[in-house]
Amino acid sequence: MATDLDGTALRTDGTVSPRTVAAFGKVEESGAVLAFVTGRPPRWMGGVASAVRHRGLAICANGALIYDLHTERIVESHLIGIEVLEEVVAQLRANVPELVFFGRV
């Protein structure tokens, strides 16, 4: 079972209703995978793990990482390779000269 996180499973105050938490428990008890989908980075997932009683996995960082809410650890990553990033930056600089990057690029 997969669900969006913010505004769907997670309320605006960062909580999850007891009824929803119980439903998530039943998903895992049935043997199914419980997956939350979010653009959040892993450093913002600790509160989510607590709110859902450390259940499920999160596809986070816009799909780049799989985060285990049971252990609060990244278990899989699908990062963009440096060579791809370098090519994108070069193309952007060539085509959008007013573009500014901050940090190492």
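Above: the structure in question.
Below is a short write-up of the structure.

1. Considerations on the packing of aromatic side chains
Next, step 1: Per the stated rule, a full pass over the model turns up one aromatic pair.
Next, step 2: Judged by centre distance (5.0 Å) and plane angle (85 degrees), the rings of F24 and F36 are edge-to-face. Highlighted residues: F24 in helix α1 (residues 18–29) and F36 in strand β2 (residues 35–37), separated in sequence by twelve residues.
Next, step 3: Judged by relative accessible area, F36 falls into the buried class, the value being 0%.

2. Observations concerning the environment of A22
Next, step 1: Here A22 shows up in helix α1.
Next, step 2: For A22, a relative accessible area of 43% puts it in the partly exposed group.
Next, step 3: Distance in space between the C-alpha atoms of A22 and E98 is 52 Å, their sequence separation being 76 residues.

3. Observations concerning the pattern of salt bridges
Next, step 1: Scanning the entire structure with this criterion turns up one salt bridge.
Next, step 2: Ionic pairing is found between R40 and D6, a salt bridge with its closest N-O pair at 2.7 Å. Of this pair, R40 sits in the loop between β2 and α2 (46–51) while D6 is found in the loop between β1 (2–4) and α1, placing the two residues 34 residues apart along the sequence.
Next, step 3: Among the residues examined, D6 registers a relative accessible area of 37% and is labelled partly exposed.

What counts, and at which threshold
- Residues numbered from 1 in each chain as written.
- Predicted model: local features only at pLDDT ≥ 70, side-chain atom pairs only at ≥ 80, totals over all residues.
- Heavy atoms only, no water.
- Phe/Tyr/Trp six-rings, centres within 6.5 Å; stacked < 30°, edge-to-face > 60°.
- Helix = DSSP H or I, 4+ residues; strand = E, 2+ residues; numbered from the N terminus.
- Buried < 20%, exposed > 50% of the residue type's maximum accessible area, 1.4 Å probe, protein only.
- Salt bridge = Lys/Arg side-chain N within 4 Å of Asp/Glu carboxyl O.

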